[in-house]
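Fold and geometry: a report
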Amino acid sequence: MSNFAVFMAGNPAKDETTKFVASKRYVENGNPVEWEIKAIDSDLDEAIRKECTRKVQIPGKRGQYNQETDTDKYIGKLCVACTVFPNLNDAELQDFHGVKDGVSLLKKLLLPGEYTEYKAKVMEVNGYDMSMEDLVDEAKN
């Protein structure tokens with residue numbers, strides 16, 4: 001018989017934040033500022049994925065639809081949900097950069113290469129062991 005106590009509340013490793021230098025351009029006291037990332041639970045991940053999924057009618061098949069996930073939108077929203085510091089939903093920070101949402105702010109703060117590395121780190125923190133290309137391919141299927 002199995003011991004279910006190992007799955008009871010309090011037994012999983014404590015959720016911790018991971019520190020990551022997303023950009024060497026933001027410096028405090030001569031050192032690059034570390035961003036903080038945390039994993040999210042599967043329920044929130046599913047909610048984000050649903051937000052980024054839409055039904056697309058199959059050409060020539062009346063009343064039949066496929067679901068299509070906007071992978072870029074999903075990963076951007078996932079990054080915002082996982083970012084503890086800086087607070088990407090802070091209205092003052094968004095206003096300063098002239099944007100209205102966390103994903104747009106993240107893209108303003110990071111260069112394209114930095115953004116790509118950040119997305120990969122967020123995926124890693126959430127337990128995805130696949131490369132970004134593998135994830136895109138999986139989302140398309």
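That block above? That's the structure.
Residues numbered from 1 in each chain as written. Predicted model: local features only at pLDDT ≥ 70, side-chain atom pairs only at ≥ 80, totals over all residues. Heavy atoms only, no water.

**Let's talk about helix α4 (residues 102–109)**
Where α4 is concerned, the buried positions are Gly102, Val103, Leu105, Leu106 and Leu109. For α4, the arc enclosing every buried residue in end-on projection is 160°, short of the 170-degree limit, so these residues lie on one face. Buried residues along α4 sit in contact with β4 (35–37), α2 (71–82), α3 (91–97) and α5 (112–125). Capping the start of α4 is the job of one residue whose side-chain oxygen sits 3.1 Å from the backbone nitrogen of Val103: Asp101. (Buried < 20%, exposed > 50% of the residue type's maximum accessible area, 1.4 Å probe, protein only. Helix = DSSP H or I, 4+ residues; strand = E, 2+ residues; numbered from the N terminus. Arc of directions from axis to C-beta. Contact = heavy atoms within 4.5 Å. Polar contact = N/O pair within 3.5 Å; in protein donor to acceptor, adjacent residues only side chain to side chain.)

**Focus on the nonpolar core**
If you look at the biggest cluster of nonpolar residues, it comprises 25 residues, and the most contacted ones within it are Trp35, Ile37, Leu78, Leu106, Leu110, Tyr118 and Val122. Of all the secondary-structure elements, those providing two or more residues to this core are β4, α2, α4 and α5. No other element matches α2, which puts six residues into this core. Ignoring anything within four residues of it in the chain, the contact list for Trp35 reads Thr18, Lys19, Phe20, Ala22, Thr83, Phe85, Pro86, Leu106, Leu109, Leu110 and Tyr118. (Core = buried A, V, L, I, M, F, W, Y, C linked by side-chain atoms within 4.5 Å.)

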